[in-house]
Amino acid sequence: MPREKGRKVVASNRKARHDYAILDTYEAGMALTGTEVKSLRAGRASLVDAFAQERNGEIYLYGMHIPEYTQGTWTNHEPRRTRKLLLKRLEIDRLIGKTREAGLTLVPLQVYFSDGWAKVEIGLAKGKKSYDKRQDIAKRDADREIARATGRRRKGMDD
């Protein structure tokens, strides 16, 4: 069977982009069991309470929910188990340094298949304050209003 090409998104964490200012993103592989991969291929995963953290010089993903595979037997996996992220040593050292010194956190943004391999996109993020969120919402509304007005003017509906 030929390996699939391209990128197939399984789950995305839209709330992370709302709650955090994403400074940089990294693509990491995940150490998964067979039933986890089958469950992901079926499009079942949740990143709602997930976060990444350093432990013993490695980066691990906590709180990501991959439901049990329906056709799985006693070999099925634990839905919220801790999963090791596969990154290059240089990237791991850089991430550990940034999270320790600057008070940044690692947030998973997306889980997807890239050329048949399960990947997670993690973002180096800084938490937003509530007034930052309000400013973002106000800016988005203003941009939407400007686009609406220019669209009307282009169509000749405005005076």
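As annotated in an unreviewed UniProt entry, the protein is SsrA-binding protein from Micromonospora globbae. Looking at the Sequence similarities (unreviewed entry) heading of the UniProt record, one finds this comment for the protein: "Belongs to the SmpB family." Under the Subcellular location (unreviewed entry) heading, UniProt states for the protein: "Cytoplasm".

Enquirer: So, the domain arrangement of the protein: which residues are in play, and what are the values?
Expert: One can read the domain layout of the protein as domain 1 (7-128) and domain 2 (129-158). Counting residues at the interface gives four residues for domain 1, matched by six residues for domain 2. Buried surface at the junction of domain 1 and domain 2, both sides included, amounts to about 410 Å², of which 50% is carbon and sulfur. Looking at the side of domain 1 facing domain 2, the largest losses of area belong to H18, D19 and K128, adding up to 95% of the total buried there. Taken together, the links from domain 1 to domain 2 amount to zero salt bridges. Seen at the junction of domain 1 and domain 2, the total is zero residue pairs in polar contact (both at pLDDT 80 or more). Of the residues in the side of domain 1 that touches domain 2, the class split is no nonpolar, two polar and two charged.

Enquirer: Could you give an account of the pattern of salt bridges, naming the residues involved and the relevant values?
Expert: Across all of its chains, the model carries nine salt bridges by this definition. Linking D19 and K15 is a salt bridge whose minimum nitrogen-to-oxygen distance equals 3.9 Å. You can see D19 and its partner K15 sitting in helix α1 (residues 14-19), four residues apart, about one turn around the helix. The partner of E58 in a salt bridge is R89, and the shortest N-O contact between them spans 3.6 Å. Residue E58 is located in strand β4 (residues 58-62), and its partner R89 is located in helix α3 (residues 89-102); the two are separated by 31 residues in the primary sequence. Residue classification places R89 among the partly exposed residues on the basis of a relative accessible area of 41%.

Enquirer: Could you give an account of α3, naming the residues involved and the relevant values?
Expert: Over its 14 residues, α3 extends 20 Å from the first C-alpha to the last, a length consistent with the 20 Å expected when each residue adds 1.5 Å. Residues of α3 that are buried include every one of I92, L95 and I96, and no others. All buried residues of α3 lie within an arc of 100 degrees about the axis, which places them on one face of the element. Along α3, exposed side chains directed more than 90 degrees from the buried face belong to L90 and E101. Of the residues one or two after α3, G103 is the one with positive phi, at around 70 degrees.

Enquirer: Go over the pairing of strand β5 (residues 83-86) with me, naming the residues and quoting the values.
Expert: Side chains of β5 alternate between two faces, with R83 and L85 buried and K84 and L86 left unburied. As defined by bridge partners, strand β2 (residues 20-30) adjoins β5 across two bridges and the pair is classed as antiparallel. Bridge assignment links G29 to a residue of β5, and that residue is L86. Sheet topology places β4 next to β5; two bridges connect them, and they run antiparallel. Counted as the bridge partner of L61 is R83 from β5.

Rules and cut-offs
Residues numbered from 1 in each chain as written. Predicted model: local features only at pLDDT ≥ 70, side-chain atom pairs only at ≥ 80, totals over all residues. Heavy atoms only, no water. UniProt positions renumbered as here; feature names shortened; annotations may be inferred. Domains from an automatic or database assignment. Contact = heavy atoms within 4.5 Å. Buried area = accessible area lost by both parts, 1.4 Å probe. Salt bridge = Lys/Arg side-chain N within 4 Å of Asp/Glu carboxyl O. Polar contact = N/O pair within 3.5 Å; in protein donor to acceptor, adjacent residues only side chain to side chain. Nonpolar A, V, L, I, M, F, W, Y, C, P; charged D, E, K, R; others polar. Helix = DSSP H or I, 4+ residues; strand = E, 2+ residues; numbered from the N terminus. Buried < 20%, exposed > 50% of the residue type's maximum accessible area, 1.4 Å probe, protein only. Expected span 1.5 Å × (residues − 1). Arc of directions from axis to C-beta. Pairing = 2+ DSSP bridges.

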